[in-house]
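Summary of the model geometry
Chain residues, written in single-letter form:
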Amino acid sequence: MHEYSIVSSLIEQCEQHAREQHSTKITRVAIKVGVLSGVEPELLKTAFETFKLEGVCHDAVLEMNIQPLIIACHQCGVTSTLDERTVVCPNCQSTDTRVLDGEDMMLMQLELEQ
Ligand SMILES: [Zn+2]
């Protein structure tokens, strides 16, 4: 499953941070999930709960922040925040747009215990 590989690389990142901070325990993992990232939040959470048991994240709470899609239009210059998965400018209906946010999933914040 797609989410499992995402979670295993997420946990790898967490473990790397923990090593750098000389921590053995992570208490909170905050991530940003873009609506266009292709990640299913419920599946991601399930995968995290399964994977975390083996490492420094075993007591960690996963906090997901859903990032709406933000696009900038090259035609009218308007920047829009969208709830739907579209790249059409709501202001002028142009498809000549650029995605500014909402495409990726990334680690935002970690809370560690020493
Ligand atoms: Zn436009």
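Here is what the cut-offs are and how they apply
Residues numbered from 1 in each chain as written. Predicted model: local features only at pLDDT ≥ 70, side-chain atom pairs only at ≥ 80, totals over all residues. Helix = DSSP H or I, 4+ residues; strand = E, 2+ residues; numbered from the N terminus. Buried ≥ 20, exposed ≤ 12 C-beta atoms within 10 Å, placed from the backbone. Pairing = 2+ DSSP bridges. Axes fitted to C-alpha atoms, helices over the stretch in contact; angles between N-to-C directions.

Looking at the environment of Thr 50
- As for its placement among the helices and strands, Thr 50 is situated in helix 2 (residues 41-51).
- For Thr 50, a count of 11 C-beta atoms within 10 Å gives the class exposed.
- Along the chain, Thr 50 and Tyr 4 lie 46 residues apart, while their C-alpha atoms are 9.2 Å from each other.

Here's the deal with unusual backbone geometry
- A positive phi angle, near 55°, is found at His 22, a position not held by glycine.
- Tracing the backbone through its elements, the reader meets His 22 in the loop between helix 1 (2-20) and strand 1 (25-34).
- In this structure, Gln 93 takes a positive phi of about 65° despite not being glycine.
- Tracing the backbone shows Gln 93 in the loop between strand 4 (79-82) and strand 5 (97-101).
- Judged by the 10 C-beta atoms lying within 10 Å of it, Gln 93 is exposed.

Brief notes about the sheet that holds strand 5
- Sheet architecture is open: three strands sit in the order 4-3-5, paired in antiparallel fashion. Each of the sheet's edge strands pairs with one partner strand only, and the pair in question is strand 4 and strand 5. Direction aside, neighbouring strands of the sheet carry axes that sit 30° apart on average.
- Taken together, the four bridges between strand 3 (residues 69-73) and strand 5 define a ladder with antiparallel strand orientation. Each bridged residue has a counterpart across the sheet, and for Cys 73 the counterpart in strand 5 is Thr 97.

The values reported here are purely geometric and, on their own, carry no functional implication.
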